[in-house]
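Here is how the chains run, residue by residue.
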Amino acid sequence: MQLGMLLRRVRGGALGNSLIVMAGFVLSRVTGLLRDMVATYLFGTSAEAAAYRTAFSVVDLLYLVIIGGALGSSFIPVFIETWERDGKERAWQVASAVVTWSLLVLSIASIVIFLAAPWLITTLYGGQDFDQATLELSTQLTRLFLLSPLLLGLGGLAMAALNARDRFTLPAMAPSIYNLGIIGGALLGQALGLGIWGMAWGVVIGALLYLLVQIPGLNALEMRLRLHLGRGIEQVKRIARQMGPRVLGQAAAHISLVVTLVLAARLSDGTAKVAGLGYAYQLMLLPYGIFSLSLSQVAFPRLARLVAEERYDDFSNDIRRTLGTILWLTLPATAILLTLGVPISRVLFQRGAFDTASLQHTTNALMGYALALPAFAASEILIRAFYAMQRTWTPVLIGIGQVGLNMSLGIFFLRAGNDVTSLAFAFSIANNIEALLLLLVLGNAIPGIWAQPALWRSVGVAVIASGVIGGGLLLLTLLSQGAIPALTATHPYVWTEDMIALSAWLIGALALAGAAYLGLSLIGRAAPAEALRVRVRGGGEARRF
């Protein structure tokens, strides 16, 4: 209901664009889940899976730092402004320069990582269980994956240009096609006896498809690209200036994940635990991507326009509304992940090479990651609020602090004798503190933004309702173990036999939990209609940020 109420406020073509973006996120998460199901079936939490995960994390950082920063609301506004003010020919000149610089920097960085890969992988992941063969495989996979940032970088810039001209369909499809490329590579590689290399080549093929699927849209916009450095083009310099802090922000968010994996590699049975952490993280990203990332991406352009138009009361309302909706959706998702982690992981993953030990590594990590979900999701809209105000250094500095805290807590927990679960908890603690700091600093920047009681009443009732359904699901699980033994993690699981009963039970439990949560929210007057009616009354002083 909150999502529906939010979308009904969007009119005309914006409604269609919002639905396309959100549908794209849902489809991307579904195909991403299918990708992980294939990976767990074929490789479980083996050394091959750990090598794949570590190599992917290193190369993914390269893409996020360079292209993620460029697209983090730096290129799109300038491209739009140039197209409207100076015409499409000038806009394509700007895009050409951005493409040229991106390819140049990516190429240099890729060469450096290619040469340094053996040292880099050994330094990061040379732990107790990462033997020489696993480290060498990680190095080889890293070098192969270096092809993908170049393709994803071009695809990302294509996506930005299309979104800037209100073309959302092909960009929304691209991530799902990327996932399908990985799935196809994994299955074909298995048929040909290539092992993990089939899935690895699937990453490269998926990145190529990610770019190619958007080419027809660019052609429809009469794309005119030619490689040049953009000397004398003021817009290129402006994009470069704006990229700086956003690059650091993107890097901090990803490094926090890498830190957790690096510390896990130091544990006994480290390869299995690294892989389990990766699968648990992907499960946490499922509700995050659908509920938080999609809503924040839709909200960001409007927030930027409201700041430009000095409509600060509406700006505050939109932040509260989006934050309230995100928390209303992710709090029950947290309760579900905490209480139903075993049946969810079993239905999705436990088959083939994914055994009971793999299940334990994944569900142990999921406990910690689930507690990070509301804060992780809330930070997305809070960070974009700072970006809309062009106060980019604030979330960056807080994010760097979050990385340091995550690393410090992780090292402390490991030295105290704790295991992989503690690393996920360290990640959770650091992200919750980051969200709290963002909330407080934003409240200081916009006095009165958090003074509206309706938001906190809605969130408070959502917390209580989530706790109730969490307790109810836990009780239901305990009562059902006699009829459905697979609900117990230690029960021998035969997925062809147990999966049907467990899946039916899980669907029923989720439906019951959803209905109960909606009912409790309505009874507690926490439905979004109330939160969405929030308006600034009195004392709403407009100010510059």
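A quick note: this is a predicted structure, and the numbers were derived from the prediction, not measured. (Residues numbered from 1 in each chain as written. Predicted model: local features only at pLDDT ≥ 70, side-chain atom pairs only at ≥ 80, totals over all residues. Heavy atoms only, no water.)

Draft legend 1. How the structure looks around the overall build of the protein chain. Of regular secondary structure, the protein chain possesses 20 helices and zero strands. For the protein chain, whose C-alpha radius of gyration is 23 Å, the value lies close to the compact-globule estimate of 24 Å for 545 residues. Within the protein chain, contacts between residues separated by at least 24 positions form 85% of all contacts whose residues are at least 6 apart in sequence. Carbon and sulfur atoms provide 66% of the accessible area of the protein chain, an area that totals close to 22,200 Å². The average position of the 38 basic charges and that of the 27 acidic charges among the side chains of the protein chain differ by 9 Å. (Helix = DSSP H or I, 4+ residues; strand = E, 2+ residues; numbered from the N terminus. Rg over C-alpha atoms; globule rule 2.2 N^0.38 Å. Contact = heavy atoms within 4.5 Å. Areas by Shrake-Rupley, 256 points an atom, 1.4 Å probe, with all protein chains shown as cover. Lys, Arg positive; Asp, Glu negative; His and termini not counted. Charge placed at Lys NZ, Arg CZ, Asp CG, Glu CD.)

Draft legend 2. How the structure looks around unusual backbone geometry. With a phi angle near 55°, E222 is a residue other than glycine that sits in the positive phi range. For E222, a relative accessible area of 40% puts it in the partly exposed group. Although it is not a glycine, D269 sits at a positive phi angle of roughly 60°. Position of D269 among the secondary structure elements: in the loop between α11 (234–264) and α12 (270–308). For D269, a relative accessible area of 35% corresponds to the partly exposed category. (Buried < 20%, exposed > 50% of the residue type's maximum accessible area, 1.4 Å probe, protein only.)

Draft legend 3. Region of interest: the confidence of the model for the protein chain. Of all residues in the protein chain, 90% have pLDDT values of 70 or greater, and the mean over the chain is 84. Of the regions scoring below 50 in pLDDT, residues 1–12 engages in 28 contacts with residues more than four places distant in sequence or in other chains. (pLDDT = per-residue confidence, 0-100.)

Draft legend 4. The arrangement of empty space enclosed by the protein in detail. Across all of its chains, the model carries one cavity of 30 Å³ or more by this definition. Roughly 70 Å³ of internal volume is contained in the largest cavity. Looking at the largest cavity, the residues that line it are F56, V59, D60, Y63, F145, S148, P149, L152, Y178 and V203. Among the secondary structure elements, those contributing two or more residues to the lining of the largest cavity are α3 (47–71) and α7 (147–164). Tallying contributions element by element places α3 first for the lining of the largest cavity, with four residues. Residues belonging to the lining of the largest cavity are distributed by class as follows: eight nonpolar, one polar and one charged. (1 Å grid on protein atoms, 1.4 Å probe; cavity = no way out; pocket = protein on both sides within 12 Å on 5 of 7 lines; lining within 4 Å. Points joined across faces, edges and corners; volume = space filled by probe spheres on them. Nonpolar A, V, L, I, M, F, W, Y, C, P; charged D, E, K, R; others polar.)

Draft legend 5. Representation of the side chain of T31 within the structure. As for its position among the elements, T31 is in helix α2 (residues 12–43). Within the structure, T31 has its side chain in polar contact with the side chain of N179 (distance 3.0 Å). Apart from the residues lying within four places of it in its own chain, the contact partners of T31 are S176, N179, L180 and I183. (Polar contact = N/O pair within 3.5 Å; in protein donor to acceptor, adjacent residues only side chain to side chain.)

Draft legend 6. Highlighting the layout of surface pockets. Put simply, the second largest pocket is a space of about 610 Å³. As for the second largest pocket, its lining consists of 25 residues, of which L286, P287, A333, I336 and L510 are closest to the centre. Listed by contribution, the elements that provide at least two residues to the lining of the second largest pocket are α2, α12, α13 (312–339), α14 (341–349) and α19 (495–523). A per-element tally of the lining of the second largest pocket places α19 first, with seven residues. When the residues that make up the lining of the second largest pocket are grouped by side-chain class, the tally is 23 nonpolar, two polar and no charged.

Draft legend 7. The pattern of salt bridges, seen in detail. Going through the model one piece at a time under the given rule, you end up with nine salt bridges. Salt-bridge contacts for E222 lead to K88; the nearest nitrogen and oxygen are separated by 2.4 Å. Taken together, the residues span a long stretch of sequence, with E222 in the loop between α10 (215–220) and α11 and K88 in helix α5 (residues 88–125) at a distance of 134 residues. Across the pair K273 and D419 runs a salt bridge, and its minimum N-O distance is 3.0 Å. Of this pair, K273 sits in helix α12 while D419 sits in the loop between α16 (393–415) and α17 (420–445), and the two are 146 residues apart along the sequence. Owing to a relative accessible area of 6%, K273 belongs among the buried residues under this scheme. Where salt bridges share partners, they join K88, E222 and R224 into one cluster. (Salt bridge = Lys/Arg side-chain N within 4 Å of Asp/Glu carboxyl O.)

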